[in-house]
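A structural walkthrough
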Amino acid sequence: MNPKRILVTGGMGYIGSHTTVELQAVGYDVIIVDNLSNSNRDVLKGIKAISGVEPTFYQVDCNDQQAMREIYDRHRPDGVIHFAASKAVGESVEKPLLYYRNNILSLIVQLELMKEFGTKGIVFSSSCTVYGQPKKLPVTEEAPILPATSPYGNSKQINEEIIRDTIHSGVDFRAILLRYFNPIGAHPSAEIGELPLGVPQNLIPYLTQTAAGIRKELTVFGDDYNTPDGSCIRDYIHVVDLAKAHVVAIDRLLGAKATEPLEVFNIGTGRGASVLELIHTFEEATGVKVPHKIGPRREGDIEQVWADPTRANKVLGWSAQSTLQEALKSAWKWQQKITKPEN
C-alpha cells in the first residue's frame, strides 16, 4: 500500500520543517510548497539529515492558483497541513495588506483545490491570538473569540471563519484547527530550528542572537503589565511537541476518527511564563547572560495568555513532553550551530 501523501504548505519554515520530520518518521510521503520568503533551501538538507528522506519540494507561492493546481493534480494529496502565512504581530500592524493577502488568499486557494481534487482533510495552523486578551485563564476552546489586537491575529480569525463556512457548506472533507500558543526551541539534533531572515521578529531567536553577541541587547516590551513581574506572559511550547500534534491531527482526519467535520484544539503546555522569567530560565539553563533592557509596550501585544490543553490531551491523546529548560537549551544549541564560523 502506498504511503499517504500530505501537502505541507510553508513546510520549509520553522514549524513546517519540524512537522515534516515527524510526518516522515511515521511513514507519510510529504510534499512541501514554500516560496522561501522567510526560509531557505538548506532546510531540506536538515530534514534529510534527521529523517533520511528528502521530501518533494516546490518553490511556489501558495497564492498562485495555477501552480498549486498542477501540484495537486500531480500528487493528489490525501491531506493538507496549511502553515504558509506571514506571522509577525508587529510587522502586521505596519503592513496589514500584505498580511491579509498572504494569509487569507493562500488558504482560499487550498480549500478550492482540496474540493476539486478530493483531498480528505486539512489541519490549519491557527493561533491563540484568536482569543485576544481572554477574560478567564487558562483558555479553553470554548473561550469567546475576541476582537483581534493585530492584523495577524485578525487574519487567523478570518481564516477560521472561512474554514467553518466551507465545512458548513457540505464539502467532502474535514478540518482540524490547531490553536497554538508560543512555539520555541529546535530539533534536538540541531539540524533544523528557527531561522529568521534579517532582524528576528520573534522573542527566542532575538534572545539567542543577543546571547551569541549578534544583537547588542534584547528589549522587553513593557514591565508595567498586570502580571507578577510586569512583563507579558505566554505559554511556550517546544516546537517538536507542536509538530507531533500535527501528526496526530492528520492521523485523526485520515483515519476517519474525527467525530465532527470541524474540530478545534488548543496546543500548549498549560503553563504561562513571563518574558523576564523566560530570560532568567535561559540564563540558568545555559549559563549564558542575556543583556536586556525594558522598553515601551508594543502595539498589538496581549498581556497574558496560556492554554488549557485538556481537550487535546484527552481527545487527540497528545500532550507536551518537554520542559521550558529543554526547549531553551535546544534553541541555544541551534543558535551555536548556525553562528559557528565555517571551516
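Residues numbered from 1 in each chain as written. Predicted model: local features only at pLDDT ≥ 70, side-chain atom pairs only at ≥ 80, totals over all residues. Heavy atoms only, no water.

**Regarding the side chain of Gln 335**
Its location among the elements puts Gln 335 in helix α11 (residues 324-339). Since its relative accessible area comes to 4%, Gln 335 is described here as buried. Beyond its immediate chain neighbours, meaning those up to four positions away, Gln 335 contacts Pro 205, Thr 208, Gln 209, Ala 212 and Ile 214. (Helix = DSSP H or I, 4+ residues; strand = E, 2+ residues; numbered from the N terminus. Buried < 20%, exposed > 50% of the residue type's maximum accessible area, 1.4 Å probe, protein only. Contact = heavy atoms within 4.5 Å.)

**Structural notes on the environment of Val 248**
Structurally, Val 248 can be placed in helix α8 (residues 239-254). Note: C-alpha distance between Val 248 and Val 139 (109 residues apart in sequence) is 21 Å. If sequence neighbours within four positions are ignored, Val 248 has contacts with Leu 316 and Trp 318.

**Re unusual backbone geometry**
The peptide bond linking Leu 137 to Pro 138 adopts the cis configuration, its omega dihedral lying at -5°. Position of Pro 138 among the secondary structure elements: in the loop between β5 (121-127) and α6 (151-168). Of note, Leu 36 is a non-glycine position whose phi angle comes to about 60°, a positive value. Tracing the backbone through its elements, the reader meets Leu 36 in the loop between β2 (29-33) and α2 (43-51).

**Remarks on the sheet that holds strand β4 (residues 79-82)**
The strand order β3-β2-β1-β4-β5-β6-β11 describes an open sheet built from seven strands, whose pairing is parallel. Taken across any chain shown, the strands that pair with only one partner, and hence form the sheet edges, are β3 (56-58) and β11 (262-267). Averaged over all adjacent pairs, the angle separating strand axes in this sheet is 20°, with direction ignored. Of the pairings in the sheet, the one linking strand β1 (residues 5-9) to β4 comprises four bridges and is parallel in character. Directly across from Thr 9, in β4, lies its bridge partner His 82. (Pairing = 2+ DSSP bridges. Axes fitted to C-alpha atoms, helices over the stretch in contact; angles between N-to-C directions.)

**Focus: the pattern of salt bridges**
For the coordinates displayed, the defined rule picks out 14 salt bridges. Between Lys 45 and Asp 42 there is a salt bridge whose closest N-O contact spans 3.5 Å. By relative accessible area, which is 59% here, Lys 45 ends up exposed. Glu 277 is paired through a salt bridge with Arg 271; the nearest N and O atoms lie 2.5 Å apart. The partly exposed category is assigned to Arg 271, whose relative accessible area is 45%. (Salt bridge = Lys/Arg side-chain N within 4 Å of Asp/Glu carboxyl O.)

**Structural notes on empty space enclosed by the protein**
A full pass over the atoms with the stated rule returns one cavity of 30 Å³ or more. By volume, the largest cavity amounts to about 80 Å³. Taken together, 13 residues make up the lining of the largest cavity; nearest its centre are Glu 194, Pro 205, Thr 208, Ala 331 and Trp 334. When contributions to the lining of the largest cavity are tallied by element, the ones reaching two or more residues are α7 (203-211) and α11. (1 Å grid on protein atoms, 1.4 Å probe; cavity = no way out; pocket = protein on both sides within 12 Å on 5 of 7 lines; lining within 4 Å. Points joined across faces, edges and corners; volume = space filled by probe spheres on them.)

**Remarks on the packing of aromatic side chains**
Using the criterion set out here, one finds two aromatic pairs in the structure. A ring pair is formed by Phe 282 and Trp 332, whose centres lie 5.7 Å apart and whose planes are at 90°; its orientation type is edge-to-face. Of this pair, Phe 282 sits in helix α9 (residues 275-286) while Trp 332 sits in helix α11, placing them 50 residues apart in sequence. Taken individually, Phe 282 and Trp 332 each receive the classification buried, so the pair is uniform in this respect. Over the face of the ring belonging to Tyr 206 we find Arg 215, whose NZ or CZ atom lies 5.9 Å from the ring centre. Its guanidinium or amino end placed over the ring of Tyr 225, Arg 297 lies 3.9 Å from that ring's centre, counting from NZ or CZ. (Phe/Tyr/Trp six-rings, centres within 6.5 Å; stacked < 30°, edge-to-face > 60°. Lys NZ or Arg CZ within 6 Å of the ring centre and 35° of its normal.)

**Looking at the packing of α7 against α9**
In the contact formed by α7 and α9, the axes pass within 12 Å of each other and the chain directions differ by 45°. With respect to α9, the axis of α7 lies oblique. In the packing of α7 onto α9, the handedness of the crossing is right-handed. Contact with α7, carried on its side by Leu 203, Ile 204, Leu 207, Thr 208 and Ala 211, involves Val 275, Leu 278, Ile 279 and Phe 282 of α9 and no other residues of that element. Taken together, the residues of the contact of α7 with α9 sort by class into eight nonpolar, one polar and no charged. (Parallel < 35°, antiparallel > 145°, perpendicular 65-115°, else oblique. Left-handed = near helix turned anticlockwise from the far one by under 90°. Nonpolar A, V, L, I, M, F, W, Y, C, P; charged D, E, K, R; others polar.)

**Concerning the nonpolar core**
Grouped together as the largest cluster of nonpolar side chains are 37 residues, with contacts concentrated most on Ile 6, Leu 23, Leu 178, Ile 250 and Ile 267. At the level of secondary structure, the elements contributing two or more residues to this core comprise β1, α1 (14-25), β2, α2, β6 (174-180), α8, β11 and α10 (310-316). When residues in this core are grouped by element, the largest group, nine residues, is from α8. Residues Val 60, Leu 111, Leu 113 and Met 114 belong to the second largest nonpolar core, which totals 28 residues. (Core = buried A, V, L, I, M, F, W, Y, C linked by side-chain atoms within 4.5 Å.)

**What to know about the side chain of Asn 159**
Within the secondary structure, Asn 159 is located in helix α6. Among all residues touching Asn 159, those that are not within four sequence positions of it are Asn 103, Ile 104, Leu 107 and Phe 124.

**Some thoughts on the packing of α1 against α2**
Between α1 and α2, whose axes approach to 10 Å, the crossing angle comes to 30°. With respect to α2, the axis of α1 lies roughly parallel. For the crossing formed where α1 meets α2, the hand is right-handed. From α1, Ser 17, Thr 20, Val 21 and Gln 24 reach across to α2, where they touch Val 43, Ile 47, Ile 50 and Ser 51. When the residues that make up the contact of α1 with α2 are grouped by side-chain class, the tally is four nonpolar, four polar and no charged.

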